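# Breakdown of the fold
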Amino acid sequence: MQWIIEVKGLRFGYHGVPVLREVGFSIAPGEFVGIIGSNGAGKSTLLKLILGELAPHGGGVSLFGEPQGTFRDWPKIGYVPQNSAAMASGFPANVAEVVSANLYAQVGPLRPMGKRHREKALQALDAVGMRPFAGRMIGALSGGQLQRVMLARALVSEPRLLLLDEPSTGVDAAAARDLYELLRALSGQGITVVMVTHDLARSVEYLQRALCLEQGTVVELDKAQMHHELRHRHTHP
Amino acid sequence: MEIFHFEFMRRAFIVGILLSAIIPCIGLVVVLKRLSMIGDALSHSSLAGVAGGLLMGVNPVLGAVVASVGAALGIEAVRRKLPRHAEMAVSVVMSAGVGLAGVLSGRVSGAGFNSFLFGSIVAISDLEMLLVCAVSAVVLAVSVLLYKELFCVCLDERLARLAGVPVSLVNLLFVILTALTVSVAARTVGALVVSSMMVVPVACGMQVGRSYRDTLIASVLFAMGFTVTGLFISYYAKLASGGTIVLTGVAALLLLLLGKTLFYRKAGRAGEAG
């Protein structure tokens, strides 16, 4: 089987302080996986290493069977960043413009967006229930609505892997549940979903497994172990 | 109309309208990338080029173009080395530009150099007119061709890179365009007010735009309106044209902000009553 993400012996640190030591795991097509861990455990660092924004000090990452360093098929990967609200605040663009911007690779350089591309953006908004908001300014959306728009933006390029960085930050409980439902449905359609989250309590019902970063290494947790981890957190804060 | 009987005024309107079409195209990106100081840095650097040109007997606008493009490349180089400190790169280049302009201007005659500080749109030479037309054509063409690339880079450079946009190349092209625009605009509206011309129409456009495209179009229309109105006022009231254009823009922005506040207050009251 070809892994969607394969991480082997990954090492990384900042200014000589190790953050990740010999991290290894594999993620299969269609899985819905959470990356959890305490603050500073290296969750976002791991995501940056997967996206090639940081260079590993040792080991490596493969995406769709190809070493990260030579991987170029970025439209296969949809990315939803943390804190989209800061990006959206005061930015004069409407929802449809933000979503269609991720069709860059399909439109091609120096070419204008066509009707077909605009229709595709509307379909992506449909998939997350945000089509009626297509003409709304992004700065006027609530946290939950904005996360859905950013998800539509990631989905518009028809990715096979979705990476999300703390998608429930700034989102109320009901909106977070809706978002996790949607992510589970996408994973059911064969899209691999990997989500960095501190919100294990609300997402545990939806995740198939979790990768827990602890002291620079990764511990894999199945459903029962995730529930145990939650109980442990409640009794050992 | 009497104002159009004069060749220099007809020329001023043509140059003014061309510049007001391109300055907001640059200004919108500058504002959204939170690099509003870049206009100041490049215009101050262009002054060093003006002084250098006057000293060497070269057309000062060409000197301004060379100095401004050099400064823009310097800013981009520092920005790439220290991506988290883009504003620092802008400040360093501005300081160097002001310093060099100060040193060189002491060795040239006052009148020629001073006309670049506040601009002289009514004293445009044939070469300068040609330069404005050429730069306007290039900036407009590149702005149209790179429309979606610039939008992606403004929204989020990280997401743009993942979407496949060649971010470094787009940034490099953009700073060169900015430098060209600033250096030719410095001659007309003045080096000290060119960054206001970049920011004020965009600030107005952002008050009325309901999308990125609308905001860009509104910013260009505002800039054209300010330029035409400013030129009329400056001609009949015998005021400096560059300053009058900018003050017209600032007055319009204040009126827009006031009007928007009153509108929302009224809408709020109507909502409460309903």
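Okay, so let's go over this structure. Predicted model only: the values in this text are computed from it and were never measured.

Once that is clear, we can look at the interface of chain A and chain B. One frequently used descriptor of interface size is the decrease in accessible area upon assembly of the parts. Counting from both sides, the interface comprises 20 residues of chain A and, opposite them, 19 residues of chain B. Of all the secondary structure elements, the ones that give two or more residues to the side of chain A that touches chain B are helix H3 (95-100) and helix H4 (104-107) of chain A. Residues that form the side of chain A that touches chain B fall into these classes: 17 nonpolar, two polar and one charged.

This part covers the sheet that holds strand S8 (residues 192-196) of chain A. Residues and elements named next belong to chain A. Spatially, S6-S7-S8-S3-S9-S10 is the arrangement adopted by the six strands of the open sheet, whose pairing is mixed. Only two strands of the sheet have a single neighbouring strand rather than two, namely strand S6 (77-80) and strand S10 (217-221). Direction aside, the axes of adjacent strands within the sheet are offset by 20° on average. For strand S9 (residues 209-214) and S10, the ladder comprises five bridges, and the chain directions are antiparallel. Looking at S10, one finds that Ala210 is bridged to Leu221. The sheet strands contacting helix H1 (residues 43-50) are strand S3 (32-37), strand S7 (161-165), S8 and S9, and the helix crosses S7 at an angle near 145°. Contacting S3, S7 and S8, helix H7 (residues 173-188) runs over the sheet at an angle of about 145° to S8.

So, about the nonpolar core. Membership of the largest hydrophobic core comes to 159 residues, with the highest contact counts inside it found for Val99, Val149 and Ala152 of chain A together with Met197 of chain B. For this core, the element with the most residues is helix H1 (residues 7-32) of chain B, which contributes 13 residues. Not counting residues within four places of it along the chain, the set of residues in contact with Met197 of chain B comprises Ile23, Ala185, Val189, Ala223 and Val246 of chain B.

On to the sheet that holds strand S2 (residues 17-27) of chain A. Two modes of strand pairing occur in sheets, parallel and antiparallel, and in both the strands are linked by backbone hydrogen bonds. Residue and element names in this part refer to chain A. As summarised here, the arrangement of the four strands in space is S2-S1-S4-S5, forming an open sheet in which the pairing is antiparallel. If you trace the sheet from one side to the other, it starts and ends with S2 and strand S5 (66-67), each paired once. In this sheet, S2 lies alongside strand S1 (residues 5-14) in antiparallel orientation, the contact comprising seven bridges. Residue pairing in the sheet places Tyr14 in a bridge with Val17 of S2. Each of S1, S2 and strand S4 (58-63) touches H1; the most contacted strand, S1, lies at about 120° to it.

On to helix H6 (residues 126-145) of chain B. Residue and element names in this part refer to chain B. Helix length check: H6 (20 residues) gives 29 Å between terminal C-alpha atoms against 28 Å at 1.5 Å per residue, within 8%. Within the span of H6, buried status applies to Glu128, Leu131, Val132, Val135, Ser136, Val139, Val142 and Ser143. In an axial view of H6, the angular spread of the buried residues amounts to 145°, which keeps them on one side of the axis. Looking at H6, the residues exposed on the side facing more than 90 degrees away from the buried face are Asp126, Leu130, Ala134, Ala137, Ala141 and Val144. Contacts from the buried residues of H6 go to H1, helix H3 (60-81), helix H7 (147-155) and helix H9 (167-188).

About the criteria used
- Residues numbered from 1 in each chain as written.
- Chains lettered and ligands numbered in written order.
- Predicted model: local features only at pLDDT ≥ 70, side-chain atom pairs only at ≥ 80, totals over all residues.
- Contact = placed C-beta atoms within 7 Å.
- Helix = DSSP H or I, 4+ residues; strand = E, 2+ residues; numbered from the N terminus.
- Nonpolar A, V, L, I, M, F, W, Y, C, P; charged D, E, K, R; others polar.
- Pairing = 2+ DSSP bridges.
- Axes fitted to C-alpha atoms, helices over the stretch in contact; angles between N-to-C directions.
- Core = buried A, V, L, I, M, F, W, Y, C linked by C-beta atoms within 7 Å.
- Buried ≥ 20, exposed ≤ 12 C-beta atoms within 10 Å, placed from the backbone.
- Expected span 1.5 Å × (residues − 1).
- Arc of directions from axis to C-beta.

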